[in-house]
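Residues per chain are reported as follows:
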Protein chains: 2
Amino acid sequence: MASVPAVPASEASAPSLKISTKDSPSNGVAECIPSFKAADAVIELAPTRKPKPDLTNLAFGSVFTDHMLTIEWTSAGGWQAPQICPFNNLSMHPACSALHYAIQLFEGMKAYRGPGGVVQLFRPMLNMKRMLRSAQRACLPSFDEAELLECIRRLVEVDQDWVPQSDSASLYIRPTFLGTEPSLGVKRPSCALLYVILSPVGSYFSTGAKPVSLWADSKYIRAWRGGTGDCKMGGNYGASIYAQYEAVDYGCQQVLWLYGEDHQITEVGTMNLFLYWINENGEEELATPPLDGIILPGITRQSILELTRKWGVFKVSERHLTMADLQCALKENRVKEMFGSGTACVVSPVDRVLYQGENLNIPCLGDFPPLASRLLKELSDIQYGRTPSDWVFPV
Amino acid sequence: MASVPAVPASEASAPSLKISTKDSPSNGVAECIPSFKAADAVIELAPTRKPKPDLTNLAFGSVFTDHMLTIEWTSAGGWQAPQICPFNNLSMHPACSALHYAIQLFEGMKAYRGPGGVVQLFRPMLNMKRMLRSAQRACLPSFDEAELLECIRRLVEVDQDWVPQSDSASLYIRPTFLGTEPSLGVKRPSCALLYVILSPVGSYFSTGAKPVSLWADSKYIRAWRGGTGDCKMGGNYGASIYAQYEAVDYGCQQVLWLYGEDHQITEVGTMNLFLYWINENGEEELATPPLDGIILPGITRQSILELTRKWGVFKVSERHLTMADLQCALKENRVKEMFGSGTACVVSPVDRVLYQGENLNIPCLGDFPPLASRLLKELSDIQYGRTPSDWVFPV
């Protein structure tokens, strides 16, 4: 730890912007939740600042900013005051329950540089709410989502120079929440650590938009009903990597995750999945699997659904889709586009699915087909402040 | 870190016992695996020793010995020399892949105090082999199991005073293996940390043998085909805790994990499950679910199967068992005993299953029925050296 004297957050050079109450819990509810308070935050500034990296060809999430946010909790003492401190290694007890039993979860969100240099987040309260749901599933303590968002806002503010001056790069924000129980019983942890780190990331499509190829096989199943696939818990991800490398062995880039006897298509890699097609009833439809317990409720997924429903130009459905549906539609030339959605890429078109030894070619006009292009543009325009929207949250 | 000068392991007071080659990979195979070598181990002794705790009523895994084993790996440099050093916190990068994506696994085994004060392990090579399998599933690097066992033997030897002078307490050994990649991409880690910590534990049944009650509900599913239920990965455990507390809310002590439409009974809490009954064909049978991908291949499970097959007094089966099978057998008075098996307890009898609102009472004569009693005695006698066996491995 650097030995810079700690100063209360209120004394740091904070702008007067207050947390928006939009999407936040009602005050009555918020007051009932035992939580840390952003107003108690203590900021310890780093004595020196790291040079900013060249974001071209930088591996995702490999460089971090000067500061981090940490908030500790114990069952005996409750939440402690949030700390914004120099980015530093964590000191973990070797029996820590996050390391043995994966009592851990995370979120992924971004800060974007808007016109005139303003910094803004995209629907961050949705991340806060999802994080709280993951925490409940992981038996980690609750907190007030609005207070966490305000802490994150302050952290981004402290490291605002790290938000790239770019209309395609951004500052990735990684909230993380760990059980830090220092004993080996499999149980609800008696202590926990919530922390947030920041990493500048380049444009996802910096080397040109390339559609991805998918390996669809029921050998590995990402998530199942009664499991944790609808929460952003670490265990969902570590278990997926082996399949990812098998996909590469088959000459594909990512896994198309199947489920059930009927080979439902559920997610792709670490993204939600959309199929834009003429459905079995002859209707033009944008379809994505429903939130039935095995699908991560993605913020980009929700935004695409809301945006396209507002357009009102085709049917928008949350529905089951099977490989047989896809095969049949391809044979009958009813598939228009298929793409993944996520915070990193916004949308990522698919041009090929390898399934049961057969390559299924997905239409992918000019590498970035029309609907995917329109969604990328409309969502990016909102995120980077080129289109005014109440989906953005100013830092 | 204590500043005690490091000395090569070969200079530490090691007895001359060499690693047994029993159950170890053939030399030809072992030589091909890039691995750390126990002979390279460096031992740094703790400057002071902690007092030994009273094991009565001590929470499982809450006190640790004076030393730990750590072995680091990087994709560029391979395995480093094993270090036996004072028990200490770990310094982890906040982006560490074990903390975000649960790239983590562990093992559980014990050192027992035998007659004349000797210290011995129980079938440790089975733990080493299972750990290697878990590592492959988690995309962590391979190692030579015999070399790891020898490192663990040396660690236990250094802390041998911590092995309780008791015929029911023991020293719990927790090998742990983490991805320590310091960046946020979901990928095979480029660095890893294998470590082992030791914790003295009291007798499992110190407050008297009490049978357990189980909550059987398909709301939560522990593991599924295509997942990681057959590996000892952290994600399997963190996801189970929420269900465990729901079981307690229903007045039960542990979860009976069901699977599939037909409600197969798979595991209980963190244990394998055995049913001793007259089966549907009128045969006296000890049955446990088969290793079909969702069952952890327990060392105690395997030992019970091997032991009872050697007895030859009833049929021993690895087979599917459903709740309907159990209900029908209970109605017809065909159930003799039901128990969990694991390293902590050896066996743990079950006396009640709450299923679909109905309490199913399992015969449980005198709290510890005859077969469970015999297994507990025979296995404990081997573990504590009261019965000679080639299942034990001297430290």
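Figured I'd write up the structure that's included with this text. (Residues numbered from 1 in each chain as written. Chains lettered and ligands numbered in written order. Predicted model: local features only at pLDDT ≥ 70, side-chain atom pairs only at ≥ 80, totals over all residues. Heavy atoms only, no water.)

**Re the side chain of Ser183 of chain A**
Inference 1: Inspection of the secondary structure puts Ser183 of chain A in the loop between strand 10 (170–179) and strand 11 (191–201).
Inference 2: By relative accessible area, Ser183 of chain A is classed as buried at 4%.
Inference 3: Only 2.7 Å separates the side chain of Ser183 of chain A from the side chain of Glu181 of chain A, close enough to count as a polar contact.
Inference 4: Side-chain polar atoms of Ser183 of chain A contact the side chain of Lys187 of chain A, separated by 3.2 Å.
Inference 5: The residues contacting Ser183 of chain A, other than those within four sequence positions of it, are Ala95 of chain A together with Phe60, Gly61 and Ser62 of chain B. (Helix = DSSP H or I, 4+ residues; strand = E, 2+ residues; numbered from the N terminus. Buried < 20%, exposed > 50% of the residue type's maximum accessible area, 1.4 Å probe, protein only. Polar contact = N/O pair within 3.5 Å; in protein donor to acceptor, adjacent residues only side chain to side chain. Contact = heavy atoms within 4.5 Å.)

**Some details on the packing of aromatic side chains**
Residue and element names in this part refer to chain A.
Inference 1: Under the counting rule described, the total for this entry stands at 35 aromatic pairs over all chains.
Inference 2: With 5.1 Å between their ring centres and 10° between their planes, Trp215 and Tyr250 make a pair best called stacked. In this pair, Trp215 sits in strand 12 (residues 212–217) while Tyr250 sits in the loop between helix 6 (241–249) and strand 13 (254–259), placing the two residues 35 residues apart along the sequence.
Inference 3: Judged by relative accessible area, Trp215 falls into the buried class, the value being 3%. (Phe/Tyr/Trp six-rings, centres within 6.5 Å; stacked < 30°, edge-to-face > 60°.)

**Thoughts on the packing of helix 7 (residues 299–311) of chain A against helix 9 (residues 370–383) of chain A**
All names here are of chain A.
Inference 1: Direction vectors running N to C along helix 7 and helix 9 enclose 105°, while the axes themselves pass 11 Å from each other. Judged by the inter-axis angle, helix 7 sits roughly perpendicular to helix 9. Residue-level inspection shows Thr300, Ser303, Ile304, Leu307, Thr308 and Trp311 of helix 7 in contact with helix 9, the latter providing Leu371, Arg374, Leu375, Glu378 and Leu379.
Inference 2: Looking at the contact of helix 7 with helix 9 residue by residue, the classes come out as six nonpolar, three polar and two charged. (Axes fitted to C-alpha atoms, helices over the stretch in contact; angles between N-to-C directions. Parallel < 35°, antiparallel > 145°, perpendicular 65-115°, else oblique. Nonpolar A, V, L, I, M, F, W, Y, C, P; charged D, E, K, R; others polar.)

**Points about the environment of Tyr204 of chain B**
All names here are of chain B.
Inference 1: With respect to the helices and strands, the residue Tyr204 is situated in the loop between strand 11 (191–201) and strand 12 (212–217).
Inference 2: A relative accessible area of 41% places Tyr204 in the partly exposed class.
Inference 3: Residues Tyr204 and Asn57, spaced 147 residues apart in sequence, show a C-alpha to C-alpha distance of 9.9 Å.
Inference 4: The contact partners of Tyr204, leaving out residues within four places of it in the chain, are Ala344 and Cys345.

**What about the interface of chain A and chain B?**
Inference 1: Taken together, the contact pairs 58 residues of chain A with 58 residues of chain B.
Inference 2: In total, chain A and chain B occlude about 4,700 Å² of area from one another, counting both sides; carbon and sulfur atoms represent 64% of this.
Inference 3: The three residues of chain A that bury the most area against chain B are Pro94, Leu99 and Trp224 of chain A, which together make up 14% of that side's buried surface.
Inference 4: On inspection of chain A and its partner chain B, the count reaches zero salt bridges.
Inference 5: Counting across the interface, chain A meets chain B through 32 residue pairs in polar contact (both at pLDDT 80 or more).
Inference 6: Elements with a minimum of two residues in the side of chain A that touches chain B: strand 6 (90–92), helix 2 (97–100), strand 7 (104–106), helix 3 (124–137), strand 10, strand 11, helix 5 (235–238) and helix 6 of chain A.
Inference 7: Sort the elements by how many residues they give to the side of chain A that touches chain B and strand 10 of chain A lands first, with four residues.
Inference 8: Grouping the constituent residues of the side of chain A that touches chain B by class yields 31 nonpolar, 20 polar and seven charged.
Inference 9: Direction of pairing for strand 6 of chain A relative to strand 6 (residues 90–92) of chain B: antiparallel, over a ladder of three bridges. (Buried area = accessible area lost by both parts, 1.4 Å probe. Salt bridge = Lys/Arg side-chain N within 4 Å of Asp/Glu carboxyl O. Pairing = 2+ DSSP bridges.)

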